[in-house]
Amino acid sequence: MRSGTVPTRSANREQREYEQGIYRHAEDTPDDEILPEYSLEGGVRGKYAQRYAQGTNLVLLDPDVAEVFTDAASVNRALRALAGIVKEHSHKPAA
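Residues numbered from 1 in each chain as written. Predicted model: local features only at pLDDT ≥ 70, side-chain atom pairs only at ≥ 80, totals over all residues. Heavy atoms only, no water.

(A) Local environment of the overall build of the protein chain. Along the backbone of the protein chain there are 4 helices and 0 strands. Across the protein chain, helices and strands are ordered from the amino to the carboxyl terminus as α-α-α-α. Residues counted as buried form 4% of the 95 residues belonging to the protein chain. For the protein chain, the accessible area works out to roughly 9600 Å², and carbon and sulfur atoms hold 54% of it. (Helix = DSSP H or I, 4+ residues; strand = E, 2+ residues; numbered from the N terminus. Buried < 20%, exposed > 50% of the residue type's maximum accessible area, 1.4 Å probe, protein only. Areas by Shrake-Rupley, 256 points an atom, 1.4 Å probe, with all protein chains shown as cover.)

What follows is the structure in structure tokens.
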């Protein structure tokens, strides 16, 4: 509760009922039904399944790196360039 505010009688009653396990909607809703606000009606099954299957890698950049690489495209370009260098040097036989 915020400092300087006084709870109303209604707020006190609601808090007391909550602590006692009294929920106003309990008698209106059978145990085997969900409340309308939690309904999944109208949802699309598998809407994001393909995206999820492809996978996503999130990486948190340090602030100094984020100043240089300001978007995903610049990060990807830099990493591809580095990957090319790594591949090029890993195939050379040791001298």
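(B) How the structure looks around the confidence of the model for the protein chain. Scored by pLDDT, the protein chain comes out at a mean of 78, with 75% of its residues at no less than 70. Of all secondary-structure elements in the protein chain, the lowest mean pLDDT belongs to helix α1 (residues 9–19), at 74, while helix α3 (residues 63–68) reaches the highest, 95. (pLDDT = per-residue confidence, 0-100.)

(C) Examining the layout of surface pockets more closely. Estimates place the volume of the largest pocket at around 250 Å³. Along its surface, the largest pocket is lined by Asn57, Leu58, Val59, Leu61, Phe69, Thr70, Asp71, Ala72, Val75, Asn76 and Leu79. Residue composition of the lining of the largest pocket, by class: 7 nonpolar, 3 polar and 1 charged. (1 Å grid on protein atoms, 1.4 Å probe; cavity = no way out; pocket = protein on both sides within 12 Å on 5 of 7 lines; lining within 4 Å. Points joined across faces, edges and corners; volume = space filled by probe spheres on them. Nonpolar A, V, L, I, M, F, W, Y, C, P; charged D, E, K, R; others polar.)

(D) Structural view of a nonpolar patch on the surface. Together, Leu79, Leu82, Ile85 and Val86 line one region of the surface with nonpolar side chains, adding up to about 380 Å² of accessible area. Within the fold, Val86 resides in helix α4 (residues 72–90). (Patch = residues over 30% accessible without salt bridge, like charges linked within 9 Å, V, L, I, M, F, W, Y side chains within 5 Å. Salt bridge = Lys/Arg side-chain N within 4 Å of Asp/Glu carboxyl O.)

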